[in-house]
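# Survey of secondary and tertiary structure
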Amino acid sequence: MGRKIVDTKGEIVTIPQKRIVSLDIARTVAIIFVVLCHSVELIYNMNMQNWLSISLKAKIFRTAMFTCGRLGVPIFLLLSGYFLLSKNYEDDKAVFKFYKKNLLAILITTEIWIVIYNIFLKVYDGYDIKIMSVIREMFFIEYVPLMNMWYMPMIIGMYIAIPFLSKVIHSFSLKTIKIPMTIAFLIVFVNPTLNVIFQITKINPIGNVLDVSFLGGIYGMYMILGYLSHENKFEKINNKVLILMSVISFICACLIQGYSYHKLNIYNIWYDSPFLLIGCTCLFELIKRLKTEKMPCWTKNIFTYISKISFAIFFIHIIVETILKDYIKLIPISNHLRVLMLFSCSFLICVLVVWILSKIKIIRKRVLFFKD
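Procedures and definitions
- Residues numbered from 1 in each chain as written.
- Predicted model: local features only at pLDDT ≥ 70, side-chain atom pairs only at ≥ 80, totals over all residues.
- Heavy atoms only, no water.
- Helix = DSSP H or I, 4+ residues; strand = E, 2+ residues; numbered from the N terminus.
- Expected span 1.5 Å × (residues − 1).
- Buried < 20%, exposed > 50% of the residue type's maximum accessible area, 1.4 Å probe, protein only.
- Phe/Tyr/Trp six-rings, centres within 6.5 Å; stacked < 30°, edge-to-face > 60°.
- Lys NZ or Arg CZ within 6 Å of the ring centre and 35° of its normal.
- Polar contact = N/O pair within 3.5 Å; in protein donor to acceptor, adjacent residues only side chain to side chain.
- Contact = heavy atoms within 4.5 Å.
- Axes fitted to C-alpha atoms, helices over the stretch in contact; angles between N-to-C directions.
- Parallel < 35°, antiparallel > 145°, perpendicular 65-115°, else oblique.
- Left-handed = near helix turned anticlockwise from the far one by under 90°.
- Nonpolar A, V, L, I, M, F, W, Y, C, P; charged D, E, K, R; others polar.
- Salt bridge = Lys/Arg side-chain N within 4 Å of Asp/Glu carboxyl O.

## Describing helix α4 (residues 72–84)
Taking 1.5 Å of rise per residue, the 13 residues of α4 would be expected to cover 18 Å, and the 18 Å separating its terminal C-alpha atoms lies within 8% of that figure. With respect to burial, α4 is a largely interior element, twelve of its 13 residues being buried. For α4, the set of buried residues is G72, V73, P74, I75, F76, L77, L78, L79, S80, G81, Y82 and L84.

Written as structure tokens, this is what we have:
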């Protein structure tokens, strides 16, 4: 992969594209968080009964690890905005090229995994495979019954909109973009969080009938912030402020969940939380600024490899974790150790499986969605 140019002899040559190691680190952190999130959900039942039955130490661990896990998807969205919205899709040809290279590729891989997941559920759990259900899943009429697959219809929908969203944000200044972004932030992020707080304090929720979905909704906001990071719009914010904002946002995200459960209201933080939006954007900016020049080559290579196979890990890890959890739950250790064991074992197994399967070219490209 790289940029093609014509050399002095009139021949077309490809200049290898230099990888940004700090963004490889960001993608590695993102997939680690995703696997961690599902490890927590598979060991702890994220419900009131479980909350009331565990110790204060376990409650803190569960909430902190789950909140860390929730940072994974936002980092992926920020990366998508960073790379994809920064491109200017000038004409129909550029849009169709994007659809062919990116949208069609991810769509094919998703359809393959829908079939794989149905076969897995049949073998593992005796799941009754119905052809019409599989067809509905493949046409995104209903979800595959695995906790990671809500993401694929969402990201495919965002990919459809990316060329047009990119055209809009390239046509206007940040001063203009701030207006719809502020409105969307208040309605899509602040309003739901206020209603969580109001539910805890027995105050009537705030209604809203204003439709701002055309602005990109929750996930579009993350992508736009990724684009703004690409354009260095946050460069005036120093690292100490970013660290402070990240820490405060994380603490607030944990406290609102803990307090909600304390008041017997189930609230497991979602991506419409302003605390996740702010904290994750600050964390992403901090990772982007990492000085990787003096980092040992072997360390860079690890981050680059994990970054390349992150999508493959996303698809495979849920199968590995679903199988492993049954055995790990039998081990007489605390739940927090089970979470760490499930996470570490699953991650290592996924890397090994991807490394083996990637030797087969067609699987590497179509099933694993390997990023060379």
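## Thoughts on the packing of aromatic side chains
Counted according to the given criterion, the structure contains 23 aromatic pairs. Here the aromatic rings of W51 and Y261 are separated by 4.7 Å at their centres, their planes lie at 25 degrees, and the arrangement is stacked. Here W51, found in helix α2 (residues 48–53), pairs with Y261, found in helix α10 (residues 239–262); they are 210 residues apart in sequence, far enough to count as distant. As far as burial versus exposure is concerned, W51 and Y261 are alike and both buried. When the centroid spacing of 5.3 Å and the interplanar angle of 85 degrees are considered together, the rings of F311 and F369 count as edge-to-face. You can see F311 sitting in helix α13 (residues 310–328) and its partner F369 sitting in the segment after α15 (361–367), a full 58 residues away along the chain. Neither residue differs from the other here; F311 and F369 are each classed as buried. Taken together through their ring pairs, the aromatic side chains of W113, Y117, W150, Y151, Y219, W270, Y271, F311, F314, F315 and F369 make up a single cluster. Positioned above the aromatic ring of Y261, the side-chain terminus of R62 is 4.8 Å from the ring centre. A cation sits over an aromatic face here: R364 above F370, 3.8 Å from the ring centre.

## Some remarks on the side chain of T109
Among the structural elements, T109 can be located in helix α5 (residues 92–125). At 2.7 Å, the side chain of T109 forms a polar contact with the backbone oxygen of R366.

## Focus on the environment of V95
Topologically, V95 is positioned in helix α5. For the pair V95 and P163, spaced 68 residues apart in the sequence, the C-alpha separation amounts to 6.1 Å. Beyond its immediate chain neighbours, meaning those up to four positions away, V95 contacts Y89, P163 and F164.

## Quick look at the environment of I316
Along the chain, the position of I316 falls in helix α13. Spatially, the C-alpha atom of I316 lies 14 Å from that of S344, the residues being 28 residues apart in sequence. Leaving out residues up to four positions away in the same chain, I316 has contacts with W113, C350, V353, V354 and L368.

## Details of the packing of helix α1 (residues 21–43) against helix α14 (residues 335–357)
Contact geometry for α1 and α14: axes closest at 9 Å, N-to-C directions at 135 degrees. Between α1 and α14, the angle is such that the two are oblique. Crossing of α1 against α14: the hand is right-handed. Only N335, R338, V339, L342, F343 and F347 of α14 make contact with α1, whose side of the interface consists of I31, I32, V35, L36, S39, V40, L42 and I43. Of the residues belonging to the contact of α1 with α14, the class tally is eleven nonpolar, two polar and one charged.

## Some thoughts on the pattern of salt bridges
Enumeration according to the criterion identifies five salt bridges in this entry. Close ionic contact of R19 with D24 constitutes a salt bridge, the shortest N to O distance being 2.6 Å. Residue R19 is classed as partly exposed on the basis of its relative accessible area of 33%. Here E142 and R136 are joined by a salt bridge, their closest N and O atoms 2.7 Å apart. E142 gets classed as partly exposed once you look at its relative accessible area, which sits at 29%. In the salt-bridge network here, residues are joined through shared partners; they are E285, K288 and R289.

## Remarks on the packing of α4 against helix α9 (residues 217–230)
Where α4 contacts α9, the two axes come as close as 6 Å, and the packing angle between them is 55 degrees. Between α4 and α9, the crossing angle belongs to the class labelled oblique. As for the relative orientation of α4 and α9, their crossing is right-handed in sense. Here P74, L77, L78, S80, G81 and Y82 of α4 come into contact with α9, specifically with Y219, Y222, M223, L225, G226, Y227, S229 and H230. Class assignment of the residues belonging to the contact of α4 with α9 gives a composition of nine nonpolar, five polar and no charged.

## A look at α9
Here α9 contains 14 residues, and its C-alpha end-to-end distance of 20 Å stays within 8% of the 20 Å for a straight helix at 1.5 Å per residue. With respect to burial, α9 is a largely interior element, 13 of its 14 residues being buried. Immediately downstream of α9, the backbone of N232 shows phi near 60 degrees, a positive value.

In short, the description is geometric, and any link to function would need to be established separately.
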